[in-house]
Amino acid sequence: VVGLALAMFACGNREQKLTLDDLRAAQATLFNQDRSVNEAVAPEVAEKYCQFVKQNPNDSTAAQWLYHAMEINVLLKDAEKSAAICDQLTTNYPESSWAPMSLFLMGSYVYNDQLNDTAKAHVMFQRLIDEYPDSELVDDAQKSIEYLGLTPEEIMARIMMQQMEDDGAFEE
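Residues numbered from 1 in each chain as written. Predicted model: local features only at pLDDT ≥ 70, side-chain atom pairs only at ≥ 80, totals over all residues. Heavy atoms only, no water.

A. Molecular detail of the overall build of the chain. A count of helices and strands for the chain gives nine helices and zero strands. Going residue by residue from the N terminus, the α and β elements of the chain occur as α-α-α-α-α-α-α-α-α. Buried positions account for 35% of the 172 residues belonging to the chain. When the accessible surface of the chain is split by element, carbon and sulfur atoms take 52% of a total near 11,000 Å². (Helix = DSSP H or I, 4+ residues; strand = E, 2+ residues; numbered from the N terminus. Buried < 20%, exposed > 50% of the residue type's maximum accessible area, 1.4 Å probe, protein only. Areas by Shrake-Rupley, 256 points an atom, 1.4 Å probe, with all protein chains shown as cover.)

See the structure below:
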């Protein structure tokens, strides 16, 4: 009886080996017809992405699936899971193009917009600038640092002033 119980426990504990086709099928369920996120399945889809990466850490698409799992958690406003996935992505796949994107996503949407934590947002943007100086997101990260803590109106005023300066409106 004990042996049967152990065998059943072990079988029940085995994770299903996921394939890229499984991920694509899960991805197809992620959005409703109106293109809104299907929040009923989104956590499960993100978990499948993470499970695939756990099972296939050397797959060439692993960093991409982690990033997509992070995106889903950002949309669900789950800052803790988003941060954990960002850490996993930047630690395990630092050379991936998805790594700087994950730092920018964390700085912009999680720390700045969702949590209103400008100090942590600044850290994410600065990491992107320091660790990925050749990234196309560096300019955006620098501007984001400049605008941290400002209201949309204050940001627009700065942009308009800069445009006027660039156009020579203040020259004599």
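B. Seen up close, the packing of aromatic side chains. Enumeration over the complete set of coordinates arrives at three aromatic pairs. Relative to Trp-98, the ring of Tyr-67 has its centre 5.1 Å away and its plane inclined at 40 degrees; by these criteria the two rings are tilted. Of the two residues, Tyr-67 is situated in helix H4 (residues 62-75) and Trp-98 in helix H6 (residues 98-114); the sequence distance between them amounts to 31 residues. (Phe/Tyr/Trp six-rings, centres within 6.5 Å; stacked < 30°, edge-to-face > 60°.)

C. Geometry of the nonpolar core. One finds Tyr-49, Leu-66, Met-70, Ile-72, Met-106, Tyr-111 and Leu-128 to be the most contacted residues of the largest nonpolar core, which totals 43 residues. Of all the secondary-structure elements, those providing two or more residues to this core are helix H2 (20-28), helix H3 (42-55), H4, helix H5 (79-92), H6, helix H7 (118-131) and helix H8 (138-147). Considering every element that reaches this core, the biggest residue donor is H4, with nine residues. Discounting residues that sit within four places of it in the chain, Ile-72 has contacts with Leu-30, Ala-42, Val-45, Ala-46 and Tyr-49. (Core = buried A, V, L, I, M, F, W, Y, C linked by side-chain atoms within 4.5 Å. Contact = heavy atoms within 4.5 Å.)

D. Focus on the confidence of the model for the chain. Of all residues in the chain, 89% attain a pLDDT of 70 or more, and the chain-wide mean is 89. Mean pLDDT values over the elements of the chain span from 37, in helix H1 (residues 2-13), up to 97, in H7. Of the regions scoring below 50 in pLDDT, residues 1-14 engages in zero contacts with residues more than four places distant in sequence or in other chains. (pLDDT = per-residue confidence, 0-100.)

E. Geometry of the pattern of salt bridges. Scanning the model with the defined rule gives three salt bridges in all. A salt bridge links Lys-143 to Glu-146; its shortest N-O distance comes to 3.5 Å. Of the two residues, Lys-143 and Glu-146 both sit in helix H8, three residues apart, roughly one turn of that helix. For Glu-146, a relative accessible area of 37% translates into the label partly exposed. (Salt bridge = Lys/Arg side-chain N within 4 Å of Asp/Glu carboxyl O.)

F. Structural context of H7. For H7, with 14 residues, the first-to-last C-alpha span of 20 Å sits near the 20 Å given by 1.5 Å per residue. Of the positions making up H7, those classed as buried are Ala-121, Met-124, Phe-125, Leu-128 and Ile-129. Down the axis of H7, the sector holding all buried residues measures 135 degrees, keeping them to one side. In H7, the exposed positions that point more than 90 degrees away from the buried face belong to Ala-119 and Asp-130. Of the surrounding elements, those touching the buried residues of H7 are H6 and H8. (Expected span 1.5 Å × (residues − 1). Arc of directions from axis to C-beta.)

G. Seen up close, the environment of Ala-83. Following the sequence through the fold, Ala-83 ends up in helix H5. Sequence-distant contacts of Ala-83, that is, excluding residues within four places in its chain, are made with Met-106 and Tyr-111.

H. Region of the structure containing the packing of H4 against H5. Orientation of H4 relative to H5, taken along the N-to-C sense of each, is 165 degrees, at an axis distance of 8 Å. Taken together, the axis directions place H4 and H5 in an arrangement best described as roughly antiparallel. Where H4 crosses over H5, the handedness of that crossing is left-handed. Here Ala-63, Leu-66, Tyr-67, Ala-69, Met-70, Asn-73 and Val-74 of H4 lie close against H5, whose contacting residues are Lys-81, Ser-82, Ile-85, Cys-86, Gln-88 and Leu-89. The class makeup of the residues in the contact of H4 with H5 is nine nonpolar, three polar and one charged. (Axes fitted to C-alpha atoms, helices over the stretch in contact; angles between N-to-C directions. Parallel < 35°, antiparallel > 145°, perpendicular 65-115°, else oblique. Left-handed = near helix turned anticlockwise from the far one by under 90°. Nonpolar A, V, L, I, M, F, W, Y, C, P; charged D, E, K, R; others polar.)

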